[in-house]
Structure formats: structure tokens, C-alpha cells
Amino acid sequence: MKTTIIAIAALFTLSLASCKKNYVCECTKTRTSGSTTLTTADDKYTFKDTRVRAESRCNAEEGSGSDAFGDYTRDCQIK
């Protein structure tokens, strides 16, 4: 009986830890053109997932490159 209660409590605890929730990933873009640096809000994404997977998906949105406005770096974080 005691082991059954412990097993049920362990399963309940594990089920809470792996719940899928909505996590908001906010990205900013930092542009450099010559000696000027400008940071602006870029995009927001909502991921319904576990915290670890949402962070991984958010980090996948990061990057850098260049376009007509200059070089940029894109940083994203879970808020």
C-alpha cells in the first residue's frame, strides 16, 4: 500500500514537471551601420511546449546577417 502511494505521488510530480504551457519568445534586432548601433523589438512567438523545448525553439530564432539597412544580430529570450 505504501509503495502504491509513493508511486502515485511520483507520477503526479512528474506530470506537473512536463506540462505544456504557453511561453512567449521575444526577439530584438541590433543593427550596426558604420559606427551607429540601434536595437529594436523584432518579433514575438508563442510556443505551447515544455520550458526546455520552448527555450530551444526560441534560441533557434536567433541569428545574424546583413541586409539593405546594414549588419544585424537577432537575439531572442523567453519572457
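Since we're looking at a predicted model, the values are computed, not measured.

Thresholds, definitions, all that
Residues numbered from 1 in each chain as written. Predicted model: local features only at pLDDT ≥ 70, side-chain atom pairs only at ≥ 80, totals over all residues. Heavy atoms only, no water. Disulfide = S-S within 2.5 Å. Helix = DSSP H or I, 4+ residues; strand = E, 2+ residues; numbered from the N terminus. Buried < 20%, exposed > 50% of the residue type's maximum accessible area, 1.4 Å probe, protein only. Pairing = 2+ DSSP bridges. Axes fitted to C-alpha atoms, helices over the stretch in contact; angles between N-to-C directions.

## Description of the state of the cysteines
Consideration 1: Evaluated as defined, the whole model comprises 2 disulfides.
Consideration 2: Two residues, Cys-25 and Cys-58, share a disulfide whose sulfurs are 2.1 Å apart. In this structure the cystine formed by Cys-25 and Cys-58 twists about its S-S bond by roughly 75°; its chirality is therefore right-handed. One end of the pair, Cys-25, is in strand β1 (residues 21–33); the other, Cys-58, is in helix α2 (residues 51–59), with 33 residues separating them in the sequence. The pair formed by Cys-25 and Cys-58 is uniform in burial state, with each residue classed as buried.
Consideration 3: Each sulfur of the disulfide joining Cys-27 and Cys-76 lies 2.1 Å from the other.

## What to know about the sheet that holds strand β2 (residues 36–49)
Consideration 1: The strand order across the open sheet formed by 4 strands is β2-β1-β4-β3, and the pairing between neighbours is antiparallel. The outermost strands of the open sheet, each flanked by one partner alone, are β2 and β3 (63–67). For this sheet the average axis-to-axis angle between neighbouring strands, irrespective of direction, equals 25°.

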